[in-house]
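Examining the three-dimensional arrangement
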Amino acid sequence: MNDKTTTPTHALVGLDELERLVGNYFLLQQGFRLFEYLLSQSDYPLYLSAASACEVLGLQSETLEMCRKRRLIRPRIYRRQFLYSAYDLVALSGKLNRKRLRRLLDKVPKVAVE
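Definitions and cut-offs
Residues numbered from 1 in each chain as written. Predicted model: local features only at pLDDT ≥ 70, side-chain atom pairs only at ≥ 80, totals over all residues. Heavy atoms only, no water. Patch = residues over 30% accessible without salt bridge, like charges linked within 9 Å, V, L, I, M, F, W, Y side chains within 5 Å. Areas by Shrake-Rupley, 256 points an atom, 1.4 Å probe, with all protein chains shown as cover. Salt bridge = Lys/Arg side-chain N within 4 Å of Asp/Glu carboxyl O. Lys, Arg positive; Asp, Glu negative; His and termini not counted. Charge placed at Lys NZ, Arg CZ, Asp CG, Glu CD. Helix = DSSP H or I, 4+ residues; strand = E, 2+ residues; numbered from the N terminus. Buried < 20%, exposed > 50% of the residue type's maximum accessible area, 1.4 Å probe, protein only. Contact = heavy atoms within 4.5 Å. Expected span 1.5 Å × (residues − 1). Bend = angle between axes of the 7 residues up to and from the residue.

1. Observations regarding a positive patch on the surface
On the surface, Lys-99, Arg-100, Arg-103 and Lys-107 cluster together into a patch of positive charge. Relative to the elements of secondary structure, Lys-107 occurs in the segment after helix H4 (86–106). For Lys-107, a relative accessible area of 69% puts it in the exposed group.

2. A closer look at the side chain of Glu-19
With respect to the element layout, Glu-19 can be found in helix H1 (residues 15–40). Judged by relative accessible area, Glu-19 falls into the buried class, the value being 18%. Apart from the residues within four sequence positions on either side, Glu-19 is in contact with Arg-98, Leu-101, Arg-102 and Leu-105.

3. Quick look at the pattern of salt bridges
For the structure shown, the criterion picks out three salt bridges. Where Arg-102 meets Glu-19, a salt bridge forms, and the shortest distance between an N and an O atom there is 3.3 Å. Of the two residues, Arg-102 sits in helix H4 while Glu-19 sits in helix H1, which places them 83 residues apart along the sequence. Judged by relative accessible area, Arg-102 falls into the partly exposed class, the value being 32%.

4. Looking at H4
It helps to recall that an α-helix has 3.6 residues per turn; residues three or four apart then point in one direction. Over its 21 residues, H4 runs 30 Å from end to end, which matches the ideal 30 Å to within 8%, given 1.5 Å per residue. At Arg-98, H4 is bent by approximately 35°, the largest bend along its length.

Here is the structure:
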């Protein structure tokens with residue numbers, strides 16, 4: 001009988017590479033959440049209202065308003081309502097979470113390889 005035990009495989013990844021991988025994963029996750037929302041509820045397939053954007057991305061309305069005032073994101077105005085591009089919202093969410101990601105990565109134990 002062949003009884004092979006599997007040993008865990010580990011790979012050392014540089015901090016910059018790890019940050020890039022986790023950042024890409026985050027953007028993919030947010031993109032999927034937006035796509036799922038657009039398919040299920042929105043009447044405007046490419047744009048979300050401020051309330052919908054905050055709900056889907058987990059942002060506070062004050063945060064979205066601050067970003068709009070600082071021109072980090074530019075809405076379109078339709079019937080006296082701000083509408084935000086889904087692509088712009090995902091990019092904004094990535095920027096806002098980059099600082100949080102950096103803090104988390106600083107807490108990860110590091111190994112010096114010589």
